[in-house]
Every structure is written in C-alpha cells, then in structure tokens.
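Structural overview
The chain contents come next:
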Amino acid sequence: MPKTPMGRRALPVIGAAVALSGCAAKYHYEPKAERPNIVFIFSDDHAWQAISAYSPRLIDTPNIDRLANEGTLFRNCYVTNSICGPSRAAVLTGKYSHANGFYRNGNLFDGSQWTFPQALQGAGYETALIGKWHLGEHMAPQGFDYSCTLIRQGPYYNPPMLLDENGDGKREEISHTGYTTDVITDLTLDWLENREDRSRPFLLMTQHKAPHRPWMPALRHLDEFEDVTIPEPETFFDDYGGRPRSVLLQDMAIEYTMVDRDLKLEEMPHLNDEQREQWNAVYGPRNDAFREANLEGDDLTRWKYQRYIKDYLRCIRGVDENVGRLLDYLDESSQAENTIVIYCSDQGFFLGEHGWFDKRWMYEESFRTPLLVRWPNHTAPGTENEDLVSVIDLAATFCDVSGAPADPDVHGRSLVPVLEGRTPEDWRDVFYYHYYEYPGWHGVRKHYGLADGRYKLIHFYELDMREWHLVDLVADPHELRNFYDDPEYAEVQARMHEALEEERRRLNVPDPDPPESYPPGDPFGPTKVEKVKKGFFLF
Ligand code: CA
C-alpha cells in the first residue's frame, strides 16, 4: 500500500482548517442554506471516445458511466485552449488564457488572482486538492486547506508529491509507493475518512495524471486487450489533403512522432525493482516478437497504433476502477446524496483519428472534453445535454452551488439551471477557442476560432501562413474538408466571421498576442533530444 501520511497527521490538519474558516481565508462570504459537497474528478488527456457512455467502441467504463446513468452527460463540453496547464488555469479561474495569463505549458500560474477554490474556502467549505496540478511549483496551490500534488507532470509509478497539509504554503516532499492513479485515490479516501469537522461541506479536487503520455498502465492491467485487435479509426491513414497546410505541418503522428518510450520499447523509468521485473516479464517477450517481425510501412504504423491504444485503454481501466472506489466510498459513508460528483478531463485527445495522438487542435477529438455530473435531486438520472458548455463554466457553477459570488469578470456561466434541465433562453450559441503554444511540442500552429455546434470557423494566424478552415460537422463529421471560400457556404462564412469578431470583442481578446504568450526562456528547444535533456515533458 502507498504511504499515506494523513492518518498520523490528521489532528493538526483539521485544527488549522477550522481556524482558517473564520478569519484567514482570502474571500469570505455568508453561506447558502443548502450546500452540497463537491467532488471534482479530473483526469488528464481522457478522450471522450474512451468512455463507454459517450462511445462504446473502444472500452467499457462502468464506473464513469454510473455518473451518466445517475446524472447528466454533456455531449458538447468544450475547452478554451486544448492543452494541460492552460485548461487547468481556465477551470480554476473561469476565464480564457488571455485573462488568466496562462497561455501555454511552461507559463507559471499567477496564484494571486481569483480562483473558485479560494472563493469556496471563503464561503466555509473545507477544500482539498490531491494529484496533478501542473501550473508550476513556484508557489503552493492557493485556496486549499490541504493539498498533496504531483511535481510537474508526475510519474506513473511511485510518485514524489508536495504536501501542504494545512494550507499555509509550507510544503514538504513525500514519496509514495505504488501506481499513481491508485495512490491519488488512496490519499483522496484518506482525506475523506479523516475529516473531523463534518458540519462543513467540502470541495475535493482529485486529479489524475492518467491517461497522459507515456501511457503506463498498472501492473494488474498489462494483459488486458492483448488478445484483441482494436479497430483503427476511419481517418487513421489521413493524407491531410484539402485542408489548411497547418494541418499537414504538425508533428503528432503515431507513424513518425512516437518515440521508443511511448511504445515501451526501452526501459521505463520510475519503476522499482519488483515492479520492473513484472513489467519486463510482460513487455520483454512482446518486444522481442515485435523486433523479430521486422515490420515496415503501414504494418509498422498499425503495430504502433495497437501498442499505443492498448496502453492508453489500460490506463483508462485504472482511472475507471478508481472512480468506482470513490463512488463506492461516498455510498458507504452515506454522503452520495449530498455530494455533487463531476468527472471531467482537461481536454480531449486523438486516439488515432487523422493518424494522431495528442491534442491542441480545435477539431472535435481535442476541442470537446468529457463532462459528466451527478447531483442527486437536481440532475435527472440518465439525461444527456447538447448545450454548448465549457470547462470555464465550472468555476461559476461551483460558486453558485456554494453561495460564494463568482468573480464578476469570469467568462463562464453557472451550469446549475442547465443541470436542472432548464437551460436559460439566452444560453450561449457560439463558443470561442484559442490555442497559443507555437513554436512548441508537436508543431501545432497558433489558431483561434468559433464553433456554433455545427459550423466552425478556424483561423491559423502565424504570419508566414495565414489560413482559414470552415468546418461543417453535418456534411463532414470527420473534418476532412474545407468549405472556406466555397460559394455555397458564402452566407455561413460571412455569418461566422461576424460572430467570431463580435466574440473576440466581447471577450477583449488582445490582438496581436500579448508578450506573455511567448515566455522568456522558452523551454521548447529545436530538437527532441534537447527537449528531453531539459527534462520537460514525457514524464
Ligand atoms: Ca492534458
């Protein structure tokens, strides 16, 4: 079992938390009468295609599906900027990157700004953050009575974590043994079990590293899917024709971008001796057979896809099991009735569509993210919603249910009426997107755009290659064509242009990009070797 320091330190933690509730919190508000607990389960790079409630094609996820069966599944939840750190900053602040200052991985989050955990803490919630943070280690996460966070990306096994056990910003590094998805849930359950002041509602953010690259499954799942062939997506051998050249000029293809570590063809880091022995006993013979086969061309690409997708799905298996553990605990401790449970990912992900892995694009696989919400007596069981909602709506939503006023400048809106099946007449009918991380990993050029649920107008705006992409999801659901400047779409194009400019004005999007989106000491070197040497990414 992982080392869990909560038990021996429970008393000082609780004492400090009680003291904080009265005077030390940065934001203080009078509470609402009915105040549910909030459990926010956040995974990293979990594609909606790999949740059976969204799509049964790849995997069965019975525990995550419970939230759909007992609550609401959102079909059109969008991210503002489809990359880890920026999306996390958008969740915390309820604002777009240009307003919260976090444009791209490598930026450092400004913790002095308003965030919903601080607001809920000020409204008397007991607040905890456990797992992935990924907004910089320059300061402790703000607004939490307790936090225990992975350092940077964090490893899949035996994670060192930074513990701030009473929310005073003093952190110590603690090592844990075990599979990180399990460790994060163990710590989560320990925190729930050791809470002493049950009169206060809680906000618990439990944030997984999985299923982020390099997709290392738990040892108990290494044999899953091995005897099946996962079907390739229809667009797996995309030639990127008929679309902006920016789509062609990326570096995120399963065929040519994946490295041996992604494919488990080299010794994997962070395992202890016992884990390594079990790991190698499984992957060693598989890798020998692969080398023996001496695959080339499309056969090699197909093999890479199978290795990738199976490891990815095995990681999902670990996440789903741990969601089940948490839901079971809420049931057994009689807290399910008064607890909102949210499952969400920081963005979607490509699982071989267009031959890709990774995210970043304003295309459906990465632009849409899973969002499932169970709120007993508010969400009708088994409901699906197709309104245009976003991760930036979460901050306003959590403030609404807790009685803490949201910052007046948040861009998102409370989902409470939507969750209760009474979407306001003036709910948004378009959604703005903006990706900034270029130059950077995977060579995806900066772009912004607008979606209305059917059409998307996307602008790649690098000075050397300014291009437009008009998408019609009804005529072309896989986004393989460009309807821009097609005479039949002239009216749609003009309408989308106008709406896009109006939305940029409404959101005060700077033009051109502010200098903060080009951080000094840009960590993205020109070659993969340099990037790995600098220790960024992969792990
Ligand atoms: Ca992510």
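1. Brief notes about the coordination of the calcium ion
Distances from the calcium ion to its protein donors, Asp-44 (OD), Asp-45 (OD), Cys-84 (SG), Asp-346 (OD), Asp-346 (OD) and Gln-347 (OE1), fall within 2.2 to 2.6 Å. The coordination sphere of the calcium ion comprises 6 donor atoms, whose angles at the metal cover 53 to 165°; the geometry is irregular. When the donor residues of the calcium ion are listed from N- to C-terminus, their spacing reads D-D-x38-C-x261-D-Q. Using a relative accessible area of 0% as the deciding quantity, one classes Asp-346 as buried.

2. Some thoughts on the packing of aromatic side chains
Taken as a whole, this structure holds 34 aromatic pairs when the rule is applied. Ring geometry for Phe-40 and Phe-398: centres 5.9 Å apart, planes at 75°, overall edge-to-face. Placement of the pair is Phe-40 in strand E1 (residues 37-43) and Phe-398 in helix H11 (residues 393-402), with a sequence separation of 358 residues. Neither residue differs from the other here; Phe-40 and Phe-398 are each classed as buried.

3. Some points on the confidence of the model for the chain
With 89% of its residues at a pLDDT of at least 70, the chain reaches an overall mean of 91. Here residues 1-24 is modelled with pLDDT under 50, and outside its nearest four sequence neighbours on either side it reaches 46 contacts, counting other chains as well. Contacts of residues 520-539 to residues separated by more than four positions or lying in other chains number 36 contacts, the stretch itself having pLDDT below 50.

4. Re the sheet that holds strand E6 (residues 160-164)
Consider a sheet: its strands pair through backbone hydrogen bonds, and that pairing is either parallel or antiparallel. Read across the sheet, 10 strands follow the order E7-E6-E5-E4-E8-E1-E9-E10-E2-E11 without closing on themselves; strand pairing throughout is mixed. Edge positions in the open sheet fall to strand E7 (172-175) and strand E11 (383-385), since each of these has one partner strand only. Ignoring strand direction, the axes of neighbouring strands in this sheet form an average angle of 15°. Direction of pairing for E1 relative to strand E9 (residues 339-345): parallel, over a ladder of 7 bridges. Residue pairing for E9: Phe-42 is matched across the bridge by Cys-344. In this fold helix H2 (residues 62-70) packs onto strand E2 (72-74), E9, strand E10 (371-374) and E11, with an angle of close to 60° to the strand it touches most, E10. Against the sheet, helix H3 (residues 84-93) engages E1 and strand E8 (202-207), with an angle of about 170° to E1.

Parameters and conventions
- Residues numbered from 1 in each chain as written.
- Predicted model: local features only at pLDDT ≥ 70, side-chain atom pairs only at ≥ 80, totals over all residues.
- Heavy atoms only, no water.
- Donors = N, O, S within 2.8 Å, 3.2 Å for Na, K, Ca; no water.
- Tetrahedral: all angles 85-135°; square planar, octahedral: opposite > 155°, others 65-115°.
- Buried < 20%, exposed > 50% of the residue type's maximum accessible area, 1.4 Å probe, protein only.
- Phe/Tyr/Trp six-rings, centres within 6.5 Å; stacked < 30°, edge-to-face > 60°.
- Helix = DSSP H or I, 4+ residues; strand = E, 2+ residues; numbered from the N terminus.
- pLDDT = per-residue confidence, 0-100.
- Contact = heavy atoms within 4.5 Å.
- Pairing = 2+ DSSP bridges.
- Axes fitted to C-alpha atoms, helices over the stretch in contact; angles between N-to-C directions.

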